[in-house]
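Read off the chains here:
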Amino acid sequence: MMTDPIADFLTRVRNSSNSRHRRAVMPSSKVKVAIAKILAEEGFISGYSVTGDKARPNLIVGMKYSDKGQPVISGIERVSRPGRRTYMGYRNIPLVRSGLGINIVSTPKGVMSGRQARRERVGGEVLCNVW
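Residues numbered from 1 in each chain as written. Predicted model: local features only at pLDDT ≥ 70, side-chain atom pairs only at ≥ 80, totals over all residues. Heavy atoms only, no water.

Evaluated as defined, the whole model comprises six salt bridges. For Asp-4, the salt bridge identified is with Arg-78, shortest N-O distance 3.0 Å. Residue Asp-4 is located in the segment before helix H1 (5–18), and its partner Arg-78 is located in strand E4 (residues 76–78); the two are separated by 74 residues in the primary sequence. Like Arg-78, Asp-4 is buried. (Salt bridge = Lys/Arg side-chain N within 4 Å of Asp/Glu carboxyl O. Helix = DSSP H or I, 4+ residues; strand = E, 2+ residues; numbered from the N terminus. Buried < 20%, exposed > 50% of the residue type's maximum accessible area, 1.4 Å probe, protein only.)

Structure (structure tokens):
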């Protein structure tokens, strides 16, 4: 049994990106789809789709690379873990790499980027950092 599906999602994206794969395939969930949506909106991935039957849907994430073939995602790390949750108010959500990266925050208003959470003045659980 998997104890941290979000860490598995991040690891699959990191490994696919570093191995220059065109896409990463993994079991789907609402939180993973929400994270993929934010990564697509912020330009870190080329897109995503949910396929398969209703009982076991799969999430397919399209990797994105620069003109020189370098991965757009140079780093992705889990912040809040099952053993140690990390919650922050909107004033305390840190900048990632001096604003070059993003954090993804699970708030009462849904999963959103750290920038959007600060704008909407809502805090929550910091899921991960991407740069």
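Every α-helix winds through 3.6 residues per turn, so residues three or four apart in the chain are directed the same way. For helix H2 (residues 30–41), with twelve residues, the first-to-last C-alpha span of 17 Å sits near the 16 Å given by 1.5 Å per residue. Among all positions in H2, only Lys-32, Ile-35, Ala-36, Ile-38 and Leu-39 are buried. Looking down the long axis of H2, one finds its buried residues gathered within 160° of arc, a one-sided arrangement. Across from the buried face of H2, at angles greater than 90 degrees, the exposed residues are Lys-30 and Glu-41. With its phi angle positive at about 85°, Gly-43 sits one or two positions after the end of H2. (Expected span 1.5 Å × (residues − 1). Arc of directions from axis to C-beta.)

Okay, the sheet that holds strand E2 (residues 45–51) next. What the three strands build is an open sheet, ordered E1-E3-E2; its pairing is antiparallel. Edge strands, defined here as strands with exactly one partner in the open sheet, are strand E1 (23–27) and E2. Put simply, the sheet's adjacent strands are angled 20° from each other on average, direction ignored. Relative to E1, H1 is tilted by about 160°, and along the sheet it contacts E1 and strand E3 (58–63). (Pairing = 2+ DSSP bridges. Axes fitted to C-alpha atoms, helices over the stretch in contact; angles between N-to-C directions. Contact = heavy atoms within 4.5 Å.)

You can see Ser-80 is positioned in the loop between E4 and strand E5 (87–88). A polar side-chain atom of Ser-80 sits 2.9 Å from the main-chain amide nitrogen of Thr-86. A distance of 2.7 Å separates a polar atom in the side chain of Ser-80 from a polar atom in the side chain of Glu-125. For Ser-80, the contacting residues outside a window of four places in its chain are Arg-85, Thr-86, Glu-125, Val-126 and Leu-127. (Polar contact = N/O pair within 3.5 Å; in protein donor to acceptor, adjacent residues only side chain to side chain.)

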